[in-house]
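Coordinates in review
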There are 2 protein chains.
Amino acid sequence: MSFSFRQLIERKRDGEVLRAEEIRWIIAEYTAGRLPDYQMAALLMAVFKEGLDGPELEVWTDAMLYSGEVLDLSHINAPKVDKHSTGGVGDKVSIPLAPMVAACGAAVPMMSGRGLGHTGGTVDKLESIPGFRTKLTPDEFVSVVEKTGLVLAGQSGSLAPADGAIYSLRDATGSVPSIPLIASSIMSKKLAVGLGALVLDVKVGRGAFMKDLDRARLLAETIVGIGKAQGTPVVAVLTDMNQPLGRMVGNATEIAESIEVLHGGGPPDLVEVVYRLGEEMLMLAGISSERADARRRLEQAVSSGAAFEKLQQVTVAQGGDPAVLLDPSLLPQAENEHIVRATKGGYVVRVDAFEIGTAALRLGAGRERKEDDIDPSVGIAVEAKTGDEVTAGQALARIFWNDGSRLADALPLTESAFEISEQRGSPLVYGEVR
Amino acid sequence: MSFSFRQLIERKRDGEVLRAEEIRWIIAEYTAGRLPDYQMAALLMAVFKEGLDGPELEVWTDAMLYSGEVLDLSHINAPKVDKHSTGGVGDKVSIPLAPMVAACGAAVPMMSGRGLGHTGGTVDKLESIPGFRTKLTPDEFVSVVEKTGLVLAGQSGSLAPADGAIYSLRDATGSVPSIPLIASSIMSKKLAVGLGALVLDVKVGRGAFMKDLDRARLLAETIVGIGKAQGTPVVAVLTDMNQPLGRMVGNATEIAESIEVLHGGGPPDLVEVVYRLGEEMLMLAGISSERADARRRLEQAVSSGAAFEKLQQVTVAQGGDPAVLLDPSLLPQAENEHIVRATKGGYVVRVDAFEIGTAALRLGAGRERKEDDIDPSVGIAVEAKTGDEVTAGQALARIFWNDGSRLADALPLTESAFEISEQRGSPLVYGEVR
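It should be emphasised that the depicted structure is a prediction, and the values quoted were computed from it without experimental measurement. (Residues numbered from 1 in each chain as written. Chains lettered and ligands numbered in written order. Predicted model: local features only at pLDDT ≥ 70, side-chain atom pairs only at ≥ 80, totals over all residues. Heavy atoms only, no water.)

1. Remarks on the relation of the copies chain B and chain A
After a rotation of 180° and a shift along the axis of 0.0 Å, chain B superposes on chain A with an RMSD of 0.0 Å. Those values place the two copies in the arrangement expected of a two-fold rotation axis. Measuring from the rotation axis to each C-alpha of chain B, the shortest distance belongs to B:Y38, at 1.8 Å. Both copies contact each other with a shared surface, as 100% of the interface residues of chain B are interface residues in chain A too. (Least-squares fit on C-alpha atoms with pLDDT ≥ 70 in both. Contact = heavy atoms within 4.5 Å.)

What follows is the structure in structure tokens.
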């Protein structure tokens, strides 16, 4: 079957609905390199403007999902459940969460992204563990899940290759913030891993890609709808990303903080999100039928040391040095520390996640361009959170730095991220969509 | 100065106004081949959706105009005035009009297009005159105007090259029918010729690119606005293109019909449009201060033979054989003729210009693809027009054909173009915009 791509662009431009065979043709031909980027860019802008309706989006996602290899985990005799975050600042949730859930008996085949702009990436954080390999072949990916019950890998080009190609084009041509395109991108990659259920953490606020609750809720509903069409249960939880999650923003420092959580410690906001998402995962996996039971199992996995042991197992299975997990002071450390102090007393009313994330990026914790290297040791410790009462001169943040000119870029952003006044913060969890 | 093209795309996508230096940068960099087609395609789709406001459009047009050579006709001691049509079926107006206006003392530096889809092109028609060269260098173009007072050339790649590049991309990516993009395309090419004033014939109806009067009026107003900003007076006349203009649709046959007009004959609808546009041109050129005077001058140019002589002069100057003008039966002739007859008596209420134009295209009078050759001899004579009373069996059209399979394609379109009932046609001239 063949179509005039120009006519399909014109129809979408005019708000018409494309038919299933037309969408499948576009995705297949574009992935095969037989449609030019300039026509695809025009179509994506038309989709940005006109959207995709429910049936269009189901087919679009399905075509991207089957544009490459789809893993088969059916031989693994455990419920498969994964978690995906839309991205934030200080969001190291996956690192303690996946071992905790795996320790409770679920299989967690997790494929994560790298940092993007001001947001961090699980893969970058894991790579601050010496030797930890996140680039796995599909066979290695399956074999690590078989062996340890979880895997923490980067995205593979052989899964949903259409998404990789389309994402790069969207990034260059201004069609990234489109809800159907975001939803299909996430779901095609996640479903290609062969999972049974998914918990989605939709971050909302200053440090998230979704700045407002209405759009975040729409994205959540859209993804839940795709899951339903694919027969994969999805629960989306909307959580706050106005301020960084937890205390640490960086890479090695976030690994250290993740280990704290697995030892029963860690900052309360991070712990709350980890347990909330873990409860949803265990319920979706059918391991718990109610929240309180799930909570008990997760607490037990931590207090028994089983969850920490899972992280050690997966680290070894992926080539990482388990010694740094036992002694996090062996992780890469920045040479210098600069303390940002409160210039007056009062309540902290804003710790701007976008500014803190951008400051960490400037320090070298993230990438300005895709090809940049990151510095795993640098980062920022947020010492006061929204709602905290502080006195003048008290530490608001510690900046871990190696390069003076980078510190000079990061410092004013860190300082201006904090606002001190007389009222308290915003809620951490906004709601959920099933 | 340098910008992030992605950010400019995003701003236009979100309905923001681009600044002058940003638009100039986009047009200059794209013309120089330093911006990728895929980003330009996304921007053009965003412009299609969000439009360009008055100041944006002025700069966009100006940047395209100065993207290449701009001719200088200031040494020619006569008012320079041109006519442009948005394109239709049977629209041979330029061929009698330019010599008539030149014979009245104006200089007419006319650069015309080729046929596009179901519409014919002045350049294709002129090329049915043996030897007639429409590809002129800028120097030849100026020299023909100097010598004869007019020139009838095809578009030169050295004038407004940005328009050529952007037009091809729009054609492939579904952003052709955008009023600001159409207006800037027309005006950048026209202004690059160095003219003093322009009469625009905006065709409206089934056989035109503007199907409805409101959009046609908006295009007319938009172009008049660009002319004002550039200090070039423009009058736009909106004329009917629901049925073909005149009797002949094709190439050589339209040259023959044009010669009839220069001899004082020709179909009344064609004659009316030619004189109406000629009046506007003479008034804009300052040769006549009122319509009646302009009309008398045009009639005098025809009855004296001066206008026909101008066509002979320009034909010789551009390498064409003047013998065919004196004896149009020497023009290329199709081998066969097929007559389409009325199946019942009544009034003709529709002669669909789109269907007749498409039928002529199928016969070989136009191009399915840019690289196709055209057959100058084939075409259709429309023997009954909207409002005519016909009897059963009377000829509605004559099809001049060479290839039987092409005739088989063209015949049903020609037949279905005619509708016979009990009421009369639509007005020929809808109005004007100054």
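2. Observations concerning the domain arrangement of chain A
Frequently, the measure chosen for interface size is the accessible area that the parts lose on association. Along its sequence, chain A is carved into domain 1 (5-50), domain 2 (81-166 + 191-328) and domain 3 (333-421). A separation of 43 Å is found between the C-alpha centroids of domain 1 of chain A and domain 3 of chain A. (Domains from an automatic or database assignment.)

3. A word on helix α2 (residues 20-31) of chain A
Residue and element names in this part refer to chain A. Between its first and last C-alpha, α2 extends 17 Å over 12 residues, near the 16 Å set by a 1.5 Å rise per residue. Within α2, burial applies to E22, I23, W25, I26, I27, E29 and Y30. Tucked into the core, α2 has its buried residues touching α1 (5-13), α3 (37-50), α4 (54-65) and α8 (161-173). Looking one or two residues past α2, G33 carries a phi angle of roughly 80°, positive in sign. (Helix = DSSP H or I, 4+ residues; strand = E, 2+ residues; numbered from the N terminus. Expected span 1.5 Å × (residues − 1). Buried < 20%, exposed > 50% of the residue type's maximum accessible area, 1.4 Å probe, protein only.)

4. Side note on the sheet that holds strand β7 (residues 336-341) of chain A
Strand pairing within a sheet occurs via backbone hydrogen bonds; the two strands may be parallel or antiparallel. All names here are of chain A. Taking strand neighbours across the sheet as the criterion, the 4 strands line up as β6-β9-β11-β7 in an open arrangement whose pairing is antiparallel. Looking at which strands have only one partner, the edges of the open sheet turn out to be β6 (248-250) and β7. Sheet twist, expressed as the mean angle between neighbouring strand axes with direction ignored, is 15°. Bridge analysis of β6 against strand β9 (residues 379-382) gives 3 bridges, and the strand direction is antiparallel. Each residue of the ladder has a partner; that of V249, found in β9, is I380. Sheet strands in contact with helix α11 (residues 252-262) are β6 and β11 (395-401), and its direction is about 145° off that of β6. Against the sheet, helix α17 (residues 404-417) engages β7, β9 and β11, with an angle of about 160° to β11. (Pairing = 2+ DSSP bridges. Axes fitted to C-alpha atoms, helices over the stretch in contact; angles between N-to-C directions.)

5. What about the interface of chain B and chain A?
On the side of chain A, 22 residues touch chain B, which itself brings 22 residues to the contact. Both sides together, the interface formed by chain B and chain A hides about 1800 Å², and carbon and sulfur atoms give 64% of it. Among the residues of chain B in contact with chain A, B:R13, B:Y38 and B:K49 are the three that bury the most area, contributing 35% of the side total. On inspection of chain B and its partner chain A, the count reaches 4 salt bridges. Close ionic contact of A:D171 with B:R6 constitutes a salt bridge, the shortest N to O distance being 2.9 Å. Counting across the interface, chain B meets chain A through 10 residue pairs in polar contact (both at pLDDT 80 or more). Elements supplying a minimum of two residues to the side of chain B that touches chain A: α1 (5-13), α3 (37-50) and α8 (161-173) of chain B. In terms of residues, the side of chain B that touches chain A owes the most to one element, α3(B), which gives 10 residues. Grouping the constituent residues of the side of chain B that touches chain A by class yields 10 nonpolar, 4 polar and 8 charged. (Buried area = accessible area lost by both parts, 1.4 Å probe. Salt bridge = Lys/Arg side-chain N within 4 Å of Asp/Glu carboxyl O. Polar contact = N/O pair within 3.5 Å; in protein donor to acceptor, adjacent residues only side chain to side chain. Nonpolar A, V, L, I, M, F, W, Y, C, P; charged D, E, K, R; others polar.)

6. Digging into the pattern of salt bridges
Residues and elements named next belong to chain A. Inspection of every chain in the model, using the stated rule, returns 72 salt bridges over all chains. The closest approach of N and O atoms between E279 and R295, which form a salt bridge, is 3.2 Å. With a gap of 16 residues between them, E279 in helix α12 (residues 268-284) and R295 in helix α13 (residues 291-303) connect regions that are remote in the sequence. Given a relative accessible area of 5%, E279 falls into the buried group. Overall, the relative accessible area of 30% leaves R295 in the partly exposed class.

7. With respect to the packing of helix α5 (residues 94-103) of chain B against helix α12 (residues 268-284) of chain B
Axes are the key here: two packed helices are described by the angle between their axes and the distance separating the axes. Residue and element names in this part refer to chain B. Here α5 crosses α12 at 35°, and the two axes come no closer than 10 Å. The handedness of the crossing between α5 and α12 is right-handed. Contact residues: α5 offers P96, L97, M100 and V101, while α12 offers V274, Y275, L277, G278, M281 and L282. Taken together, the residues that form the contact of α5 with α12 break down as 9 nonpolar, 1 polar and no charged. (Left-handed = near helix turned anticlockwise from the far one by under 90°.)

8. Describing α3(B)
All names here are of chain B. If you check α3, its first and last C-alpha atoms are 20 Å apart, about what 14 residues at 1.5 Å a residue would give, namely 20 Å. Here α3 lies mainly inside the structure; 10 of its 14 residues are buried. Those residues of α3 that sit buried are Q39, M40, A41, A42, L43, L44, M45, A46, V47 and F48. Following α3 by one or two positions, G51 has its phi on the positive side, about 75°.

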